[in-house]
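Spelled out from the first residue to the last, the chains are:
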Amino acid sequence: MVSFDTKSYSKKLLHLISWSHWFTFFNIIAAIALSSYYLFSETAPDTLLGQMYLITTWVSHIAFLTFISFVLLLFPLTIIWPNTKVIRTSGSIIFTFGLLLLLLDGFIYSRLGYHLNASSSSQIIGLIKEIAQESALFYTVSGMLAIAILGFEFTMSNYAWKHLKQLQKTVFARFVIFTLVLAFFFSHLTHIWADANLDYDVLRQDTVLPLSYPATAQTLLTKYGLFDVDDYIERKTSPLSFSSAIPQYPLLNKQCVKTNTLKSVFLVLTDEQLSEQQLSLFSPKINNNSYSLNNHVDAALLDDAWFNLFYSLPSIYQSDILAQQTTPLLFQAIAYQNLASSFTLITPNTVSEAVKEELWFTGLFKEKVYLNDISSLIFADKLNNKVPGLHLIYFKSSTTENVKNSNNQYQFELFVNALLLAQQHKQQKDIIWISSIGNQTKDSQLLTKPALLIAPAISSQTIQSKTLNKLTSHMDLQPSLMTNWLGCTVNNDSYSNGTDLLTLTKDRVIANTSAEGLMVFNKDKSVLIDQNGNFKSYSSQLAAPITVNKDFPLMIDGVHFIKSFAEQASTEQ
């Protein structure tokens, strides 16, 4: 009796294992067919070797992932619980989930540029919610797709079980398996050769398939057009630049309605870093809506920071955009509204021609004033009688070591207090922006800094003091003023990478470039990816440098942010 039961158990187990092999084989074919979606998300390779590598790595890698799913999940379950109904049902559910996950991953990759991962879960969930809100049929179609795949799994399961003896006699599967194994070895050997010889046409495919080769930062930046493909081998120390032409910066085209606005905008800036405690000292004197920007990104050195502020674009655009000699859209709108614009520089130093040349943007302003102190500015009557327009007051530190930081920060605080007190006597309140600008050293580029935005209350709106913990940047200033000050109905993406701060409600990634590489910020950390692909991270919560694994999804999100203006402008042209 024991011998009979043992033989019966062994026969049953072997039958189930043989069935599971064929069932997995059919799922390999299905997975390869469904994963062809990845190939259409990328441009085709240029060389014959690249094309051969694409095909062989696609079929072999997807086949390998499907087979591993069988080895890790279905095969152990078959050994532990060799019940026919349980194994066949479990196998259908496992592979249904796997194929649905493959489809979801392909969709995420086509939209975001990276695969499913834990570090970017908020962006992935946000994308799914956004698609669901745009289309009421999203969940219905998803449910029908799941039912269709589950139906296919049950059909293949039933077919393999009923025709197992006939399938065991066939020979076509052997040729398919042999081809897949040959493709597996060919693709891996090709990749080893390409890695040794820096063949970009092969290496740029590292991120196409899920759970494939780990990509390098250099390869990804080249893939997304921030390095020239022709200089792929020699570009390790070259600065980031677009490999294609930059679109033309736009001109204002009847998107603003002329108004008789009496409001002005005061931008009060200093090149010394501010603290939250400093800005909080101004709160008792504010009798208007205020927005404390506690996670404000200003990653550029001073010259680039002015470009970020006025053009609302990352620094990588600076040389090309300035060469076009097109005025920022905000100043185009100011001219259209016939408003004033003034720039006031306050510095303990004598203003030399070299300093004036350094401030390349002063030509944007109709009036320019250079002062050594604020004694002539702090009178309420003078501040309140300024002609409506944009007024920038910039406090520049002394470059002389013995007087450095002597009283310029004190003058900055005194002027802000005077401006806020003057506003209390003014019926039509002005918009005020208070922040530091630029980094005097590279050490502070990965830090977030505080800033303060004061905006007039709308009609009978209760005066509030709000704290914006979402990431903000200097690139947000121009869109905020275009919408809330000048009333222009311009698509922000058409001229900037910024967002209207008064309507900012969701987390986002902000990025900028420097001579060292790419800087990317999210709500938890900031990352510098240098020219050699090294990652340097800084924790926002710990306020200290941290060591983390290379976060390529975050880097890709940063690249998408950098390229958003170029891609949007190219679409509109």
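Cut-offs applied
Residues numbered from 1 in each chain as written. Predicted model: local features only at pLDDT ≥ 70, side-chain atom pairs only at ≥ 80, totals over all residues. Heavy atoms only, no water. Helix = DSSP H or I, 4+ residues; strand = E, 2+ residues; numbered from the N terminus. Buried < 20%, exposed > 50% of the residue type's maximum accessible area, 1.4 Å probe, protein only. Contact = heavy atoms within 4.5 Å. Areas by Shrake-Rupley, 256 points an atom, 1.4 Å probe, with all protein chains shown as cover. Disulfide = S-S within 2.5 Å. Salt bridge = Lys/Arg side-chain N within 4 Å of Asp/Glu carboxyl O. Polar contact = N/O pair within 3.5 Å; in protein donor to acceptor, adjacent residues only side chain to side chain. Axes fitted to C-alpha atoms, helices over the stretch in contact; angles between N-to-C directions. Parallel < 35°, antiparallel > 145°, perpendicular 65-115°, else oblique. Left-handed = near helix turned anticlockwise from the far one by under 90°. Nonpolar A, V, L, I, M, F, W, Y, C, P; charged D, E, K, R; others polar. Phe/Tyr/Trp six-rings, centres within 6.5 Å; stacked < 30°, edge-to-face > 60°. Core = buried A, V, L, I, M, F, W, Y, C linked by side-chain atoms within 4.5 Å.

**Thoughts on the overall build of the protein**
- The helix and strand inventory of the protein stands at 19 helices and 14 strands.
- Relative to its 573 residues, the protein shows a buried fraction of 50%.
- Counting contacts in the protein only where the partners sit at least 6 residues apart, residues at least 24 apart contribute 75% of the total.
- Per element, the accessible surface of the protein, about 27700 Å² overall, is 60% carbon and sulfur.

**Observations concerning the state of the cysteines**
- Across all of its chains, the model carries 1 disulfide by this definition.
- Across a sulfur-sulfur distance of 1.8 Å, Cys 256 and Cys 488 are joined as a disulfide pair. Linking Cys 256 and Cys 488, the disulfide has an S-S dihedral of approximately 110° and is accordingly described as right-handed. Of this pair, Cys 256 sits in the loop between α10 (217-223) and β1 (265-270) while Cys 488 sits in the loop between α18 (477-484) and β10 (510-513); the two residues are 232 residues apart in sequence, bridging distant segments of the chain.
- Its relative accessible area of 4% is what places Cys 256 among the buried residues.

**What about the environment of Val 208?**
- Relative to the helices and strands, Val 208 is located in the loop between α9 (200-203) and α10.
- Take Val 208: its relative accessible area is 5%, and that puts it in the buried class.
- Along the chain, Val 208 and Tyr 109 lie 99 residues apart, while their C-alpha atoms are 8.1 Å from each other.
- Those residues in contact with Val 208 that sit more than four places away from it in its chain are Tyr 38, Glu 42, Tyr 109 and His 115.

**Remarks on the pattern of salt bridges**
- Enumeration according to the criterion identifies 7 salt bridges in this entry.
- In this structure, Asp 430 and Lys 426 form a salt bridge, with 2.7 Å as the shortest nitrogen-oxygen distance. Here the two residues Asp 430 and Lys 426 agree in accessibility, since each one is buried.
- Close ionic contact of Glu 516 with Lys 442 constitutes a salt bridge, the shortest N to O distance being 2.8 Å. Separated by 74 residues along the polypeptide, Glu 516 in the loop between β10 and β11 (517-521) and Lys 442 in the loop between β6 (431-436) and β7 (448-455) bring together distant segments of the chain.
- A relative accessible area of 47% means that Lys 442 is categorised as partly exposed.

**Describing the side chain of Ser 342**
- Note on placement: Ser 342 falls in strand β3 (residues 340-346).
- Within the structure, the side chain of Ser 342 is placed 2.7 Å from the side chain of His 391, a separation counted as a polar contact.
- Setting aside residues up to four positions removed in sequence, Ser 342 forms contacts with Phe 365, Glu 367, Lys 386, Leu 390, His 391 and Leu 392.

**Some details on the packing of helix α4 (residues 84-112) against helix α6 (residues 138-162)**
- Look at α4 against α6: their axes get within 9 Å of each other, and the N-to-C directions meet at 140°. With respect to α6, the axis of α4 lies oblique. Relative to α6, α4 is oriented so that their crossing is right-handed. In this structure, α4 contributes Thr 84, Arg 88, Thr 89, Ser 92, Phe 95, Thr 96, Leu 99, Leu 100 and Leu 103 to the contact, and α6 contributes Leu 145, Ala 146, Ile 149, Leu 150, Glu 153, Phe 154, Ser 157, Asn 158 and Trp 161.
- Residue composition of the contact of α4 with α6, grouped by class: 10 nonpolar, 6 polar and 2 charged.

**What to know about the packing of aromatic side chains**
- The full count for this structure, using the stated rule, is 32 aromatic pairs.
- Considering the side-chain rings of Phe 25 and Phe 26, the 6.0 Å spacing of their centres and the 65° angle between planes classify their relative orientation as edge-to-face. Assigned by exposure class, Phe 25 and Phe 26 land together as buried.
- Between Trp 306 and Phe 310 the ring centres are 5.9 Å apart and the planes differ by 15°, which places this aromatic pair in the stacked class. You can see Trp 306 and its partner Phe 310 sitting in helix α12 (residues 302-311), 4 residues apart, about one turn around the helix. Neither Trp 306 nor Phe 310 differs from the other in exposure class; each is buried.

**Some details on the nonpolar core**
- Counting 91 residues, the largest nonpolar core has Trp 306, Tyr 317, Tyr 394, Met 482, Trp 485 and Leu 518 as its most contacted members.
- Ranked by residues supplied to this core, first place goes to helix α19 (residues 552-572) with 9 residues.
- When sequence neighbours within four positions are dropped, the list of residues in contact with Tyr 317 reads Phe 242, Ile 246, Phe 307, Ile 562, Lys 563, Ser 564, Phe 565 and Ala 566.
- Judged by nonpolar contacts, the second largest core, of 23 residues, contains Leu 279, Phe 282, Leu 383 and Phe 415.

**Details of the packing of helix α3 (residues 48-80) against α4**
- At a closest axis distance of 11 Å, the pairing of α3 and α4 adopts a crossing angle of 150°. It follows from the interaxial angle that α3 and α4 lie roughly antiparallel. Considering the relative orientation of α3 and α4, their crossing is right-handed. From α3, Ile 62, Thr 66, Ser 69, Phe 70, Leu 73, Leu 74, Leu 77 and Thr 78 reach across to α4, where they touch Ile 87, Ser 90, Gly 91, Ile 94, Phe 95 and Leu 102.
- In the contact of α3 with α4, the residues fall into 9 nonpolar, 5 polar and no charged.

**What to know about the environment of Lys 429**
- Relative to the helices and strands, Lys 429 resides in the loop between α17 (408-423) and β6.
- Residue classification places Lys 429 among the buried positions, given a relative accessible area of 16%.
- Once the C-alpha coordinates of Lys 429 and Asn 288 are considered, the two residues, 141 residues apart in sequence, prove to be 7.8 Å apart.
- In this structure, Lys 429 is in contact with Lys 263, Asn 287, Asn 288, Gln 423, Gln 424 and Pro 456, ignoring residues within four places of it in sequence.
- A distance of 2.8 Å separates a polar side-chain atom of Lys 429 from the backbone oxygen of Gln 423.
- Within the structure, Lys 429 has its side chain in polar contact with the backbone oxygen of Lys 426 (distance 2.7 Å).

Interpretation in functional terms is not warranted from these geometric data alone.
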